[in-house]
Amino acid sequence: MSAEVKKYKLVEQWCHKKVSDGADFLFDPVLFHHSLYTASKEFHFPFEALQSFIRNITTIHVKRTSHIVRANVGRIAQDYVKGTSILSLARKSNYPPYLFCRILVEAITDMNGGKRALIDAMRDPMAVLGDAKVILPKYIDSETIKRSEGFPRIDPQSSKPTTRLAQEVMEAIESDPMHGPRQDRQRHAIGIEYEAMLEKCLNELDVPFESEQALRERGTSRTPDVLLSCPMGVRVTKKDADDDGWRVICWIDSKALFGDVNTHQTSVVPQAESYVHRFGPGLILYWFGCAPVEMLDDAHGDIVISSWKLPEPLLFPTGEFTELQRGKKAGSEPKNEAMR
């Protein structure tokens, strides 16, 4: 077992334990960043990679336990009516506060608009949940509970009276370091940013391609982020050899996350295989790092896996090489620039 594999397994074990134990930092954004920063230094593991890794592990935990939370929502609602805060109930259930709020609010309210109204409630609790009329009659007694902290039920933005439900939903959402409307916007923006970075790199290399948007405009479905206009060669280190080899790629898919073994196998590979069937072999680029490549499925050699940056050099069909740092084609092979 290589040193990199040992490190990966150690970090993976740490993430699983923290999530399964319901560590305090999973319910406190400030503590979350401090704890991950400390662990990053301890494991010599990039902070961005660790942050993405533990979110991937949390996603697995949510999928495995969501049915338990939903099955117990009646009891949970009664505990809420008796005065237990939503954040405390989320901690007790070891479930992300934001996602926990969605389940509880859906159970104890009656909002016109269905799922759309629920989304709006999570985005602006004070506006949507600030009127007790939205609470089902059997749970309305929850509004008679006085919080031990003693703060008044006032919307801090409008200075108008609000509900306990609205306040506690807001508190729970703000206590979730990984899930919520703000984090969703951030992840979306980061994804777009790194797709643009990929396109910029290819433009600097004079590599012709079609973007995902261009492909969709001409009616192509299930598209990678970039479809190369001509096949390109990329140098890879063979798993069972010391020397390097070349692989042909026809597309590149940008992933603004850490590629752990489970996420890669259950989510990324099935998607990538659909691209392979339509366009041929391609490359997955994990901008925040990935597990050691020998641990990752390459779809029988049809997928090249890279991390942190676009691999270089690239080989044009003409036999010319190109390097990102020079931004131009080169007539001879550069020295020792193998992709890991």
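One can find the structure itself at the top, above this paragraph.
Computed from a prediction, not measured in an experiment: that's the story for all the values here.

Each value, and the rule that gives it
Residues numbered from 1 in each chain as written. Predicted model: local features only at pLDDT ≥ 70, side-chain atom pairs only at ≥ 80, totals over all residues. Heavy atoms only, no water. Helix = DSSP H or I, 4+ residues; strand = E, 2+ residues; numbered from the N terminus. Buried < 20%, exposed > 50% of the residue type's maximum accessible area, 1.4 Å probe, protein only. Lys, Arg positive; Asp, Glu negative; His and termini not counted. Salt bridge = Lys/Arg side-chain N within 4 Å of Asp/Glu carboxyl O. Polar contact = N/O pair within 3.5 Å; in protein donor to acceptor, adjacent residues only side chain to side chain. Contact = heavy atoms within 4.5 Å. Axes fitted to C-alpha atoms, helices over the stretch in contact; angles between N-to-C directions. Parallel < 35°, antiparallel > 145°, perpendicular 65-115°, else oblique. Nonpolar A, V, L, I, M, F, W, Y, C, P; charged D, E, K, R; others polar.

Draft legend 1. Representation of the side chain of Asp-260 within the structure. In this fold, Asp-260 is placed in the loop between β3 (244–255) and α12 (261–279). At 9.9 Å, Arg-55 is the nearest oppositely charged side chain to Asp-260, a buried residue that forms no salt bridge. A distance of 2.6 Å separates the side chain of Asp-260 from the side chain of Thr-263, its partner in a polar contact. Apart from residues no more than four positions distant in its own chain, Asp-260 is found in contact with Tyr-8, Phe-53, Asn-56 and Leu-296.

Draft legend 2. Geometry of the packing of helix α5 (residues 86–93) against helix α6 (residues 97–108). Orientation of α5 relative to α6, taken along the N-to-C sense of each, is 110°, at an axis distance of 9 Å. One element, α5, and the other, α6, form an angle in the roughly perpendicular class. In this structure, α5 uses Ile-86, Leu-87, Leu-89, Ala-90 and Ser-93 to contact α6, whose residues at the interface are Pro-97, Phe-100, Cys-101 and Leu-104. Class assignment for the residues of the contact of α5 with α6 results in eight nonpolar, one polar and no charged.

Draft legend 3. Looking closely at the environment of Asp-110. With respect to the helices, strands and loops of the structure, Asp-110 is situated in the loop between α6 and α7 (114–123). What makes Asp-110 exposed here is its relative accessible area of 54%. When sequence neighbours within four positions are dropped, the list of residues in contact with Asp-110 reads Val-134 and Leu-136.

Draft legend 4. Region of interest: the pattern of salt bridges. Under the definition given, this model contains 13 salt bridges. The partner of Glu-106 in a salt bridge is Arg-70, with the nearest N and O atoms 3.8 Å apart. Taken together, the positions of Glu-106 in helix α6 and Arg-70 in helix α3 (residues 47–71) put the pair 36 residues apart, joining distant regions of the chain. Among the salt bridges present, the one from Asp-298 reaches Arg-247, with a minimum N-O distance of 3.9 Å. Of this pair, Asp-298 sits in the loop between β4 (282–286) and β5 (303–307) while Arg-247 sits in strand β3, and the two are 51 residues apart along the sequence.

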